[in-house]
Amino acid sequence: MSDDLKAAVAAGVLPAEERFAELLRSIVEVARSIFHARASSIFLYDEDTDELVFAAVANPDEQSLLGMRIPSSKGIAGWVLSSRTPLVIDDLKNDLRFAVDVAEQTGYVPQGLMAVPLLHDERVLGVLQVLDRPSNSRFSLAEMELLGMFATQAAVALDLLASARRARAALDGKGDMAAVARVAAALDRLEEDKRAAGLALLRELERVLS
Amino acid sequence: MTAEVRAHSEHDDERPAWSLAREAVPGIALENPLPDRVDREWALGGATGKGVKVCVLDSGVEVDHPAVGAVAGATAISLDEDGNTIAAPDTEGDLCGHGTACAGVIRSIAPDAEIYSVRVLGAGFTGSGKVLLAGLRWAVEQDYDVINMSLSTTKKAFSELLRDIADIAYFKRTLLVASAHNMPVESFPWRFSSVISVGSHEEDDPLTFYANPDPPVEFFARGVNVEVAWLGGETITATGNSFATPAISAIAALVLSKHARLTPFQLKSVLYLISSNVGGRQ
């Protein structure tokens, strides 16, 4: 099967982008809950513009942040991205500059944050942040481990999202292949009986074509 | 002149540098023989880091931060269009706070060490790996005694280049101290045997550190809830191997200020012998 055809079939059966967004949001909501934090967010790194983009936010009041962009050179998130190293900070007092990435966009200045790179293979896909854990709780290495586990999960989700986007991009301008994608998608949505019939039909088509 | 060169020069035309003639043996007396018993008093007693050059390869260091004090030199690394390294005086200080934090940890343990800042982060993500490589290469050329690297790269394409630079540093007696990654990922240069790699323990004493019998992480130093310098003359509480690493850099500087010209191999041995789970608990 050609790469275009594979991409077409894959794009047809891949979940819609909204499903990945749901997964990312679920990850940040669980992260916020587990750490008893005030907020949590995921930045996706956009290679084309060298920016970080808000891809998920746990707080329902801050969904408007989605899609907002900050330069990858700014603040803690930028350092975590470039150094590929996690960082946990408490007790920020009144220094706004540290959190310019978040604070400028939201008007919300956290007192503390955890930031961890989202690493998949050798690539860094973005940054997961958890803001304002309870101020009286002392951070532990066990929490760092937990944070790393969430980051791994989020990185897998981001990688899937990127794959889906690439598959769809491969279809742009290729009408014939897009038709294959639609067939694959339609087949994927069918009830069990109809799906079996559809597959049987495709097998017959395959026999005729080959 | 080093012992190795001395041994070679007596027989320049006769033997290659990698052999040792019987009559040349007296010429390679060690510069730094270790005593029968290496303990914390021998290694660190009264040491302040004076005369030792420690480089912080990071996001820059804030000028005149009260917890850092004087910075002996600050350089910003960038690349021109052809990929050539540009090392210019750094007038921007710290773009994030992280480099200042590392410098502050070093100052708190080795108060008289000469701290140099080499900025390789902060210009955006694109090209950051190449700038890191160029910055490390430049720093090794400057003959710093210790280079603190509280960062790593996951780019496999850079690993061999980094390994070459780390080996050059090793043989010219520049100690590279690198953060182990906090997450289960493959990253560099901390995994190399030519560097000292550092993870975190949860205790509060900055001079408590442990040797790890199960490398590649070789030592654990204080890295959890550490009060560190940050931007704007502030201090914050921070956690990460990033802050354990400069503790080991600073302790290495203390040792070097008493015992100059130890090789990285000897220095690593001394750190092992005085670590809290081997020879000394303070």
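Calculation rules
All residue numbers here refer to positions counted from 1 along the written sequence of the relevant chain. All chains are assigned letters beginning with A, and all ligands numbers beginning with 1, in the order in which they are written. Owing to the predicted nature of the model, reporting of local features is limited to residues with pLDDT of at least 70; listing and counting of side-chain atom pairs is limited to 80 or more, with chain, interface and lining totals taken over all residues. Calculation of side-chain values draws on the structure's entire complement of heavy atoms; hydrogens and water are dropped beforehand. Elements are defined by DSSP. Helices are runs of H or I of four residues or more, strands are runs of E of two residues or more, and each kind is numbered from the N terminus. Burial classes follow relative accessibility: with a 1.4 Å probe on protein chains only, a residue under 20% of its type's maximum area counts as buried, one over 50% as exposed, and anything between as partly exposed. Working rule for contacts: check all heavy atoms of both residues, and any pair within 4.5 Å makes them a contact. Two parts lose some accessible area (1.4 Å probe) when they are put together, and adding that loss for both gives the buried area. What makes a salt bridge here is a side-chain nitrogen of Lys or Arg within 4 Å of a carboxyl oxygen of Asp or Glu, nothing more. For this analysis, a polar contact is any N or O atom pair within 3.5 Å, provided that within protein one partner can donate a hydrogen and the other can accept it, and provided that sequence-adjacent residues contribute only side-chain to side-chain pairs. Under the scheme applied here, ten amino acids are nonpolar (Ala, Val, Leu, Ile, Met, Phe, Trp, Tyr, Cys and Pro), four are charged (Asp, Glu, Lys and Arg), and all others, including Gly, are polar. Any two strands with at least two DSSP bridges between them are considered paired. Every angle, taken between N-to-C directions, lies between 0 and 180 degrees, and every axis is a line fitted to C-alpha atoms, over only the stretch in contact when it is a helix. Crossing chirality is assigned from the near helix's rotation relative to the far helix, an anticlockwise turn below a right angle marking it left-handed and a clockwise turn marking it right-handed. Like charges within 9 Å and nonpolar side chains (Val, Leu, Ile, Met, Phe, Trp, Tyr) within 5 Å are joined into patches, using only residues over 30% in relative accessible area that form no salt bridge. Using a 1.4 Å probe, the Shrake-Rupley method yields the accessible areas, and only the shown protein chains count as cover for residues.

J.: Looking at this structure, I do not really get unusual backbone geometry. What am I missing?
T.: That bond from Phe-188 of chain B to Pro-189 of chain B is cis: its omega, 10°, falls within 30 degrees of zero. Within the secondary structure layout, Pro-189 of chain B lies in the loop between β6 (175–179) and β7 (196–201). The phi torsion at Arg-84 of chain A lies on the positive side, around 55°, for a residue other than glycine. Residue placement: Arg-84 of chain A occurs in the loop between α3 (75–83) and β4 (87–90). What makes Arg-84 of chain A buried here is its relative accessible area of 3%. Phi angles above zero are rare outside glycine, and Asn-225 of chain B is one such case at about 55°. Within the fold, Asn-225 of chain B resides in the loop between β9 (219–222) and β10 (226–229).

J.: It is not clear to me how the interface of chain A and chain B should be interpreted in this structure. Could you clarify?
T.: Reports often express the size of an interface as the amount of accessible area lost when the parts come together. Facing the 36 residues of chain A at the interface are 42 residues of chain B. Contact with chain B buries surface across chain A, with Trp-79, Arg-84 and Glu-122 of chain A losing the most and accounting together for 21% of the total. Along the contact surface separating chain A from chain B lie 0 salt bridges. Our count for the contact surface shared by chain A and chain B stands at 10 residue pairs in polar contact (both at pLDDT 80 or more). Those elements giving two or more residues to the side of chain A that touches chain B turn out to be α3, β4, β5 (113–120), β6 (123–131) and α5 (141–171) of chain A. Tallied by class, residues from the side of chain A that touches chain B come to 18 nonpolar, 8 polar and 10 charged. Of the pairings in the sheet, the one linking β4 of chain A to strand β11 (residues 235–239) of chain B comprises 3 bridges and is antiparallel in character.

J.: Mind showing me how you'd approach the packing of helix α3 (residues 98–109) of chain B against helix α6 (residues 241–258) of chain B here?
T.: A pair of packed helices can be characterised by two numbers: the angle between their axes and the separation between those axes. Residue and element names in this part refer to chain B. Interaxial distance between α3 and α6 falls to 8 Å at its minimum, and their mutual angle equals 35°. The two elements α3 and α6 meet at a crossing, and its hand is right-handed. Within the contact between the two elements, α3 uses His-98, Ala-101, Cys-102, Val-105, Ile-106 and Ile-109 and α6 uses Ser-242, Phe-243, Pro-246, Ala-247, Ala-250, Ile-251 and Leu-254. By residue class, the composition of the contact of α3 with α6 is 11 nonpolar, 2 polar and no charged.

J.: I'm lost on α3 of chain A in this one. Help?
T.: Structurally, the α-helix is built with 3.6 residues per turn, so residues lying three or four positions apart point the same way. Residue and element names in this part refer to chain A. Counting buried residues in α3 gives 9 out of 9 residues, a clear majority hidden from the surface. Listed in full, the buried residues belonging to α3 are Gly-75, Ile-76, Ala-77, Gly-78, Trp-79, Val-80, Leu-81, Ser-82 and Ser-83. Two residues or fewer past α3, Arg-84 is found with a positive phi of approximately 55°.

J.: Before we go on, may I ask you to explain a nonpolar patch on the surface in this structure?
T.: Residues and elements named next belong to chain A. A surface patch of nonpolar side chains, amounting to about 440 Å² of accessible area, comprises Val-183, Leu-199, Leu-202, Leu-205 and Leu-209. Among the secondary structure elements, Leu-205 is positioned in helix α7 (residues 192–209). Judged by relative accessible area, which is 45%, Leu-205 ranks as partly exposed.

J.: Whenever I open this one, the sheet that holds strand β3 (residues 69–71) of chain A confuses me. Can you help?
T.: Strand pairing in a sheet relies on backbone hydrogen bonds. The paired strands run either parallel or antiparallel. Within the open sheet, the 8 strands sit side by side as β3(A)-β2(A)-β1(A)-β6(A)-β5(A)-β4(A)-β11(B)-β10(B). Their pairing is antiparallel. The two strands at the open ends of the sheet, each matched to only one other strand, are β3 of chain A together with β10 of chain B. Direction aside, the axes of adjacent strands within the sheet are offset by 30° on average. This element, α3 of chain A, spans β1 (39–46), β2 (51–57), β4, β5 and β6 of chain A of the sheet and lies at about 145° to β6 of chain A.

J.: Would you take a moment to explain helix α7 (residues 264–274) of chain B for this structure?
T.: Regarding α7 of chain B, the residues found buried are Pro-264, Gln-266, Leu-267, Lys-268, Val-270, Leu-271 and Ile-274 of chain B. Buried residues in α7 of chain B make contact with α2 (40–44), α5 (156–171), β6, β7, β9 and α6 of chain B.

J.: Help me out: how do you make sense of the sheet that holds strand β5 (residues 146–149) of chain B in this one?
T.: Residue and element names in this part refer to chain B. Strands sit in the order β3-β2-β4-β1-β5-β6-β7-β9-β8 across an open sheet of 9 strands; the sheet is mixed. Across the chains shown, the open sheet's two edge strands, defined by having one partner strand only, are β3 (85–89) and β8 (210–211). Note: β6 against β7, 3 bridges, orientation parallel. Bridged to Ser-179 within β7 is Val-198. Relative to the sheet, α7 contacts β6, β7, β8 and β9, its axis offset from that of β9 by approximately 65°.

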